[in-house]
Amino acid sequence: MTLVFSGVKPTGHLTLGNYLGAMRRWADVDQHQADALFCIVDLHALTVDHDPARVRRLSRQAATLLLASGLDPELCTVFVQSHVDEHARLSYVLECVATDGEMRRMIQYKEKAARERERGGSVRLSLLTYPVLMAADILAYGTDEVPVGDDQTQHVELARDLAVRFNQRYGHTFVVPRATPPQVAARVMNLQDPASKMGKSDDSGPGIVYLLDEPDVVRKKVMRAVTDSGREVVYDRAAQPGVANLLEILAACTGGNPSELSGVYESYGSLKSATAEAVVETLRPVQERHRELCADPGYVEGVLRDGAERARAMARPTVDAAYRAIGLLPAAAAGAGAAATSDIGVTV
Ligand code: TRP
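Anyway, here's the lowdown on the structure attached to this text. Treat the numbers as computed from the prediction; the structure is a model and nothing was measured.

### Quick look at the site of the ligand
Right, on to step 1. Around the ligand, the surrounding shell holds 13 residues, and the nearest of these are Gly7, Tyr130, Met134, Asp137 and Gln152.
Right, on to step 2. Contact distances for the ligand include 2.6 Å between a nitrogen atom and a side-chain N or O atom of tyrosine 130.
Right, on to step 3. A distance of 2.9 Å separates a nitrogen atom of the ligand from a polar side-chain atom of glutamine 152.
Right, on to step 4. Here the ligand loses 92% of its free accessible area of 370 Å² to cover by the protein chains.
Right, on to step 5. Where the shell around the ligand is concerned, the elements lending two or more residues are strand E1 (3–8) and helix H6 (125–139).
Right, on to step 6. Of the residues forming the shell around the ligand, the biggest block, four residues, is contributed by H6.
Right, on to step 7. Of the residues that constitute the shell around the ligand, the class distribution is seven nonpolar, four polar and two charged.

Listed below in structure tokens is the structure:
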């Protein structure tokens, strides 16, 4: 069976963009059709200036929202990256396969490092090596497919390169993964700036609908979305990006088609009200389930504990194999005696 792995970084509250662009598909499709692992990648949240209590809170919240959005621990594995040592263990070995030039070429590193320096801050070394840790996340499990947005395809490419290079140098160890982009229609843009993605990390409120926004907050944000000059509702991403974004959100929430829907609404106002209600209705069951899960924190903890155990058992053999292949001496198992002493005396 195909193995799917994806990660959510707990650096901000999850948004409608995360839900329509990724999480919903994980729940509706991936967990049914594949062996699927969904990981709260908390180690990655430490690569930029962070508040420890907030990372902890967002990690728990992300796990709860993944379950609330329909991931079923009977069908897939939901876990927290730092609970499984194999990620960091493998990351180091992959650092010995990657080059510093490769790291410095990563677009996201260049952008984030430049932003950090502009602010007069320093850049954490882990920001540079982040893609190697991400490669370790993916390669540790023999992942075939990584469902991520286009901003992450360069990182998945790196994971592929490292897998191929490692296999060539040290013997076949890793499956070579591929990125599977989400459908175009589910690319949700910022309501105040339809040229940029509704990402969770940019944390500037009014253009971003968060999964836990109250219905009235959702309505307000959608009603205040920027639209375009002109009056007619037409679906044209280039000429009318604001209206196109609303049509796509509405289509994603109702199962319709953006160009057909454009014929249904006479004004921007009526399109916005319809979109607002559709978003409220889409989020309602997720929010209800989230509330139930929050009332039962022991359940979520149990899911994460079992998930980590399962993930560890899956990753361990591959990471052990990589350690052996690259030349690290295996630790003797307890009670194994002096079985592996035949190398002694050989001059290397
Ligand atoms: N880098 C991804 C992001 O910023 C998160 C991530 C970390 C990830 N490890 C991963 C995604 C492994 C997919 C697979 O969104």
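So, next bit.
### Some points on the packing of helix H8 (residues 215–223) against helix H11 (residues 268–294)
Right, on to step 1. One can describe the packing of H8 onto H11 by two numbers: an axis separation of 9 Å at closest approach and a directional angle of 150°. Taken together, the axes of H8 and H11 are roughly antiparallel relative to one another. With respect to the hand of their crossing, H8 and H11 are arranged in right-handed fashion. Across the interface between the two elements, Pro215, Val218, Arg219, Val222 and Met223 of H8 pack against Gly269, Lys272, Ser273, Thr275, Ala276, Glu277, Val279, Val280, Leu283 and Gln287 of H11.

How each quantity is defined
- Residues numbered from 1 in each chain as written.
- Predicted model: local features only at pLDDT ≥ 70, side-chain atom pairs only at ≥ 80, totals over all residues.
- Heavy atoms only, no water.
- Near = heavy atom within 4 Å.
- Polar contact = N/O pair within 3.5 Å; in protein donor to acceptor, adjacent residues only side chain to side chain.
- Areas by Shrake-Rupley, 256 points an atom, 1.4 Å probe, with all protein chains shown as cover.
- Helix = DSSP H or I, 4+ residues; strand = E, 2+ residues; numbered from the N terminus.
- Nonpolar A, V, L, I, M, F, W, Y, C, P; charged D, E, K, R; others polar.
- Axes fitted to C-alpha atoms, helices over the stretch in contact; angles between N-to-C directions.
- Parallel < 35°, antiparallel > 145°, perpendicular 65-115°, else oblique.
- Left-handed = near helix turned anticlockwise from the far one by under 90°.
- Contact = heavy atoms within 4.5 Å.

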